[in-house]
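In case you want the letters, here they are:
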Amino acid sequence: MTLPPAVAALAAADFSGIVPRFVAAGFAVSEPAAGVLQIVSDPSRASVLLSVGVHGDETAPIELLAHLLDALAREPQQLAVNLMVVVGNIAAIRQARRFIDVDLNRLFCRERGLLSAVAEAARADELMVASSAFFTRAAGARWHLDLHTAIRGSLYPTFAMIPEGIVDAPRQALITLLGHAGIAAVILNRSAASTFSAYTAAQLGVTSATVELGQVSALGDNDTGRFAAAAATLARLLRDDSAPTDPVAPLVFEVVREIIKHSEAFRMAFDATTPNFTALPRDALIATDGTQVYRVEHDEERVVFPNPAVRIGFRAGLMVVRSG
Ligand SMILES: [Zn+2]
């Protein structure tokens, strides 16, 4: 199968096809690390970070962003924000794997303990340094959308995780933007996390989300028509075009508990094939971990990202409840 050149280039973290066009249009363009592109001008403009491929097997966002950048590079004067693009786990993308050693999206933190020597730790450091430098210069609004595709089915195929640390007004603007992007549900996580979006929100004051655009296909096989609303919304964001005025409100959920795997005795009542947002009634068994038993504590809780196969100490799932 032959990939469109723009998609093949972005999947290889190769920006050489688009950089000259933005340079010629008068932007300051830099590549502070492999797979990191910054195209900036007036610092008072909004600053937007779009990241893809943080999980190497999630290819639809790479295709979506490649087409978006390709179109923008043909009319570079349309770029109305300071833009940072990140192609996350380049080595994993090359191998069509989720990660090499460890899930990169668990490493955006200072203290990594035993994981400080894994392949992805150095990459997380690079991305934290580059995004910190990018947003430190920012004098306008700050956005970060970390684009993913889920590896499983979901009762809401498109949803987003909104990390803690974003104040009300920008968070509401973010939820509205996500609604226009075709996102059916948002999950508010009130506790600290080690994801890329949690890092930019908590440490850099960015209005951030991890956006799940649907199920994974092989690179080139993704039905990009399914992502038309997301593509149109991102195109508008980069051009600073006004959004449609029709109100679209995703359902809102809140995390009520993170299930952490503490030992090899950990057993879960469901597995990595369980669809996201599967509902469980009060008192239903969630997991056991030795003598520890986790049961549903609300009238209804829904499970997101259940995965009993994670490393010890990692999150094996989230329990969420509807709040809006
Ligand atoms: Zn992902």
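(A) Examining the overall build of the protein chain more closely. Within the protein chain, the regular secondary structure consists of 8 helices and 15 strands. In terms of C-alpha radius of gyration, the protein chain reaches 19 Å, essentially the compact-globule figure of 20 Å for 324 residues. With respect to the principal axes defined by its C-alpha atoms, the protein chain has extents near 65 × 45 × 40 Å. By the burial criterion, 53% of the 324 residues in the protein chain qualify as buried. Residue pairs in contact within the protein chain that sit at least 24 positions apart in sequence constitute 75% of those at least 6 positions apart. For the protein chain, the accessible surface area stands at approximately 13,400 Å², while carbon and sulfur atoms represent 53% of it. When the 27 positive and 33 negative side-chain charges of the protein chain are each reduced to one mean point, those points stand 1 Å apart.

(B) Up close: the domain arrangement of the protein chain. When the domains of the protein chain are assigned, the result is domain 1 (5-239) and domain 2 (256-322). Computed from C-alpha coordinates alone, the two centres of domain 1 and domain 2 are separated by 28 Å. Each partner contributes residues to the interface: domain 1 has 18 residues there, and domain 2 has 18 residues. When the two sides are added together, the surface that domain 1 and domain 2 hide from each other amounts to roughly 1,500 Å², 61% of it contributed by carbon and sulfur. Considering only the surface of domain 1 that becomes buried against domain 2, R106, R152 and L155 emerge as the three largest contributors, covering 39% of it. Counting every contact that joins domain 1 to domain 2 gives 0 salt bridges. Here domain 1 is connected to domain 2 by 6 residue pairs in polar contact (both at pLDDT 80 or more). Among the secondary structure elements, those contributing two or more residues to the side of domain 1 that touches domain 2 are strand 6 (159-162) and strand 7 (185-188).

(C) Region of interest: the nonpolar core. Counting 56 residues, the largest nonpolar core has L145 and L178 as its most contacted members. Among the elements that make up this core, the one with the highest residue count is helix 3 (residues 60-74) (9 residues). Beyond its immediate sequence surroundings of up to four residues, L145 is in contact with L49, L50, S51, L174, L177, L178, A209, V211, L234 and L237. The next biggest cluster of nonpolar side chains, apart from the first, holds 40 residues, and it includes V54, L107, F134 and L280.

(D) Local environment of the packing of helix 3 against helix 8 (residues 228-239). Running from amino to carboxyl end, helix 3 crosses helix 8 at an angle of 40°, the nearest separation of the two axes being 10 Å. Between helix 3 and helix 8, the interaxial angle falls into the category oblique. With respect to the hand of their crossing, helix 3 and helix 8 are arranged in right-handed fashion. Contacts between helix 3 and helix 8 involve L64, L68, A71 and L72 from the first element and A230, A231, L234, A235, L238 and R239 from the second. When the residues that make up the contact of helix 3 with helix 8 are grouped by side-chain class, the tally is 9 nonpolar, no polar and 1 charged.

(E) Examining the layout of surface pockets more closely. Looking at the largest pocket, its volume works out to about 480 Å³. Taken together, 30 residues form the lining of the largest pocket, with H55, R98, D103, R106 and R315 sitting closest to its centre. At the level of secondary structure, the elements contributing two or more residues to the lining of the largest pocket comprise strand 5 (142-150), helix 7 (196-204) and strand 8 (207-215). A total of 3 residues in the lining of the largest pocket trace back to one element, the largest contributor, which is strand 5. Mapped onto the domain boundaries, the lining of the largest pocket takes at least three residues apiece from domain 1 (5-239) and domain 2 (256-322).

(F) Broad picture of the coordination of the zinc ion. Protein ligation of the zinc ion involves H55 (ND1), E58 (OE), E58 (OE) and H148 (ND1), the donor distances falling in the range 2.0 to 2.3 Å. Coordination at the zinc ion comes from 4 donor atoms whose angles at the metal span 58 to 144°, giving a geometry best classed as irregular. Ordering the donors of the zinc ion by residue number gives the pattern H-x2-E-x89-H. A single burial state applies to H55 and to E58, both of which are buried.

Analysis parameters
- Residues numbered from 1 in each chain as written.
- Predicted model: local features only at pLDDT ≥ 70, side-chain atom pairs only at ≥ 80, totals over all residues.
- Heavy atoms only, no water.
- Helix = DSSP H or I, 4+ residues; strand = E, 2+ residues; numbered from the N terminus.
- Rg over C-alpha atoms; globule rule 2.2 N^0.38 Å.
- Buried < 20%, exposed > 50% of the residue type's maximum accessible area, 1.4 Å probe, protein only.
- Contact = heavy atoms within 4.5 Å.
- Areas by Shrake-Rupley, 256 points an atom, 1.4 Å probe, with all protein chains shown as cover.
- Lys, Arg positive; Asp, Glu negative; His and termini not counted.
- Charge placed at Lys NZ, Arg CZ, Asp CG, Glu CD.
- Domains from an automatic or database assignment.
- Buried area = accessible area lost by both parts, 1.4 Å probe.
- Salt bridge = Lys/Arg side-chain N within 4 Å of Asp/Glu carboxyl O.
- Polar contact = N/O pair within 3.5 Å; in protein donor to acceptor, adjacent residues only side chain to side chain.
- Core = buried A, V, L, I, M, F, W, Y, C linked by side-chain atoms within 4.5 Å.
- Axes fitted to C-alpha atoms, helices over the stretch in contact; angles between N-to-C directions.
- Parallel < 35°, antiparallel > 145°, perpendicular 65-115°, else oblique.
- Left-handed = near helix turned anticlockwise from the far one by under 90°.
- Nonpolar A, V, L, I, M, F, W, Y, C, P; charged D, E, K, R; others polar.
- 1 Å grid on protein atoms, 1.4 Å probe; cavity = no way out; pocket = protein on both sides within 12 Å on 5 of 7 lines; lining within 4 Å.
- Points joined across faces, edges and corners; volume = space filled by probe spheres on them.
- Donors = N, O, S within 2.8 Å, 3.2 Å for Na, K, Ca; no water.
- Tetrahedral: all angles 85-135°; square planar, octahedral: opposite > 155°, others 65-115°.

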